[in-house]
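Here is how the chains run, residue by residue.
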Amino acid sequence: MNRAQLKRTGILRMALGGSAADPLLPAEEGAGRPAPFVLRALRIALVVCLYWFTSITMVFLNKYLLDSPSLRLNAPLFVTFFQCALTAALCLGLSLGAACGPPGCPGLPALRLDPKVSRSVLPLSVVFIGMITSNNLCLKYVGVAFYNVGRSLTTVFNVLLSYVLLKQTTSLYALLACGVIIGGFWLGVDQEGAEGTLSWTGIFFGVLASLCVSLNAIYTKKVLPVVDGSIWRLTFYNNVNACVLFLPLMMLLGEFHTLYRFDKLGSPSFWGMMTLGGVFGFAIGYVTGLQIKFTSPLTHNVSGTAKACAQTVLAVVYFEETKSFLWWMSNLMVLGGSFAYTWVKGLEMRKEQEEPNLRNSEKNETGV
């Protein structure tokens, strides 16, 4: 295997299997004395709460914009387009604001639109569009309570892509966890059908969203060198490309005609909700990075699983839904399988990191 193949394999393995730490994020503490335990615990608690609040609020806002009976806006691509445009504008605005700040103030990297870089990012942008569009369409056609189960196969696709692209096998315990997730998914689909609330369109987009999330991780790792490893620049280019690509799609699906006939197009409250949804969509990337920075990728996955559980309970209470015991079991199976997979992969990664140290220690003891 030549150097290029080794590099490509390493990139895909990091994208599919995760890593112990994200090199793009700064360390939690500097070279000085670490912060007191109480202060660190309080900071972690605040970051986790901020992540939960931002993520759950964004889902409920998007559900309102996509499927509210009072709004009656059947233009999911426009909603997604607006959020991408607002994200690109916020990236550019914050970058310009940082550039105009005090000279000694560490700012964000300068942003400018380079057509060559934009073309290099384009394959990722296509996957990115598929991911955010299918996520929003899944949310449009299924309830918030079922949203987590409807798009719960991301872990399963990670395992499949690891094998197909890397010929990398997965441990038995991790496969068992995936089996629990698949079982919970099918049980949830069955129970939604039994309650008369099943949408096969929503299920299709949920599965597609799961696949696109896995592919997005792969392409993100591959494209990062093009933007000098800057997530900030990648976010900017991704959303600019997405805005351009969404325009012909909106025209093809007749959403401009839908917007022309929309009776709330001049309503300040509508645009306020649209702007709020876009701000939360922009903020989720930042708070996700914060949670990983102040905890770890493993803790972030566990927190995301617990957040999904809280989101499901809140949705059932808020929409005053009544769910069967088997429906709740499907959610517990998905959440439990996801947690188990995260835990198993964390143990395997720790073991992989400890083995080289153990071998080096044995070599030193034997004098080799």
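Parameters at a glance
- Residues numbered from 1 in each chain as written.
- Predicted model: local features only at pLDDT ≥ 70, side-chain atom pairs only at ≥ 80, totals over all residues.
- Heavy atoms only, no water.
- Helix = DSSP H or I, 4+ residues; strand = E, 2+ residues; numbered from the N terminus.
- Contact = heavy atoms within 4.5 Å.
- Phe/Tyr/Trp six-rings, centres within 6.5 Å; stacked < 30°, edge-to-face > 60°.
- Axes fitted to C-alpha atoms, helices over the stretch in contact; angles between N-to-C directions.
- Parallel < 35°, antiparallel > 145°, perpendicular 65-115°, else oblique.
- Left-handed = near helix turned anticlockwise from the far one by under 90°.
- Nonpolar A, V, L, I, M, F, W, Y, C, P; charged D, E, K, R; others polar.
- Salt bridge = Lys/Arg side-chain N within 4 Å of Asp/Glu carboxyl O.
- Disulfide = S-S within 2.5 Å.
- Buried < 20%, exposed > 50% of the residue type's maximum accessible area, 1.4 Å probe, protein only.
- Core = buried A, V, L, I, M, F, W, Y, C linked by side-chain atoms within 4.5 Å.
- Patch = residues over 30% accessible without salt bridge, like charges linked within 9 Å, V, L, I, M, F, W, Y side chains within 5 Å.
- Areas by Shrake-Rupley, 256 points an atom, 1.4 Å probe, with all protein chains shown as cover.
- pLDDT = per-residue confidence, 0-100.

A. Representation of the overall build of the protein. Helix and strand counts for the protein come out as 13 helices and zero strands. Across the protein, helices and strands are ordered from the amino to the carboxyl terminus as α-α-α-α-α-α-α-α-α-α-α-α-α. If you take every contact in the protein between residues at least 6 apart in sequence, the share linking residues at least 24 apart comes to 84%.

B. A look at unusual backbone geometry. Unusually for a residue other than glycine, Arg72 sits at a positive phi of about 55°. Turning to its location among the elements, Arg72 is positioned in the loop between α2 (37–67) and α3 (76–99).

C. Main features of the packing of aromatic side chains. Summed over the entire model, instances satisfying the criterion amount to 15 aromatic pairs. A connected cluster of aromatic rings, assembled from ring pairs, spans Phe78, Phe82, Phe262, Phe270 and Trp271.

D. Layout of the packing of helix α6 (residues 154–166) against helix α7 (residues 172–194). Packing of α6 against α7 brings their axes to within 9 Å, and their N-to-C directions diverge by 135°. The angle between α6 and α7 places the two elements in the oblique class. Every pair of crossing elements has a handedness; the one defined by α6 and α7 is left-handed. Each of Thr155, Val156 and Val159 in α6 lies in contact with α7, whose residues at this interface are Leu175, Cys178, Ile181 and Ile182. Each residue belonging to the contact of α6 with α7 can be placed in one class, and the counts come to six nonpolar, one polar and no charged.

E. How the structure looks around the pattern of salt bridges. This model, assessed by the stated rule, comprises seven salt bridges. Here Asp67 makes a salt bridge to Lys63, at a shortest N to O gap of 3.3 Å. Of this pair, Asp67 and Lys63 both sit in helix α2, four residues apart, roughly one helical turn. Of the charged contacts, one joins Asp263 and Lys264 as a salt bridge, the two residues approaching to 3.9 Å between their closest N and O atoms. A single salt-bridge network, built from bridges that share partners, covers Glu192, Glu195, Glu321 and Lys323.

F. The environment of Asn158, seen in detail. In this structure, Asn158 sits in helix α6. For the pair Asn158 and Ala217, spaced 59 residues apart in the sequence, the C-alpha separation amounts to 9.4 Å.

G. Representation of the state of the cysteines. Summed over the entire model, instances satisfying the criterion amount to zero disulfides. Cys243 provides the cysteine sulfur closest to Cys84, a residue in no disulfide bond, and the two sulfurs are 5.4 Å apart. Its relative accessible area of 3% is what places Cys84 among the buried residues.

H. Broad picture of the nonpolar core. In this structure, Leu73, Phe78, Cys84, Phe146, Phe246, Phe270 and Met274 are the most contacted members of the largest nonpolar core, which totals 53 residues. In contact with Phe78, not counting residues within four places along its chain, are Met250, Glu255, Leu259, Phe270, Trp271 and Met274. In terms of nonpolar packing, the next biggest core, distinct from the first, is built from 15 residues, Leu111, Leu224, Leu234 and Phe236 among them.

I. How the structure looks around a nonpolar patch on the surface. Taken together, the side chains of Tyr163, Val164 and Leu165 make up a nonpolar region of the molecular surface, amounting to roughly 310 Å² of accessible area. Looking at where Leu165 falls in the secondary structure, it is placed in helix α6.

J. Looking closely at the confidence of the model for the protein. Chain-level pLDDT for the protein is 83 on average; 84% of the residues reach the 70-or-more range. A low-confidence stretch, residues 1–32 stays under pLDDT 50, and its non-local contacts, those more than four residues away or across chains, total 45 contacts.

K. Quick look at the side chain of Ser303. Structurally, Ser303 is set in helix α12 (residues 297–318). Sequence-distant contacts of Ser303, that is, excluding residues within four places in its chain, are made with Val48, Tyr51, Trp52 and Gln291.

L. Representation of the environment of Ser95 within the structure. Take Ser95: it is sitting in helix α3. You can call Ser95 buried: its relative accessible area is 3%. When the C-alpha positions of Ser95 and Arg112 are compared, they lie 9.8 Å apart, and in sequence the two are 17 residues distant.

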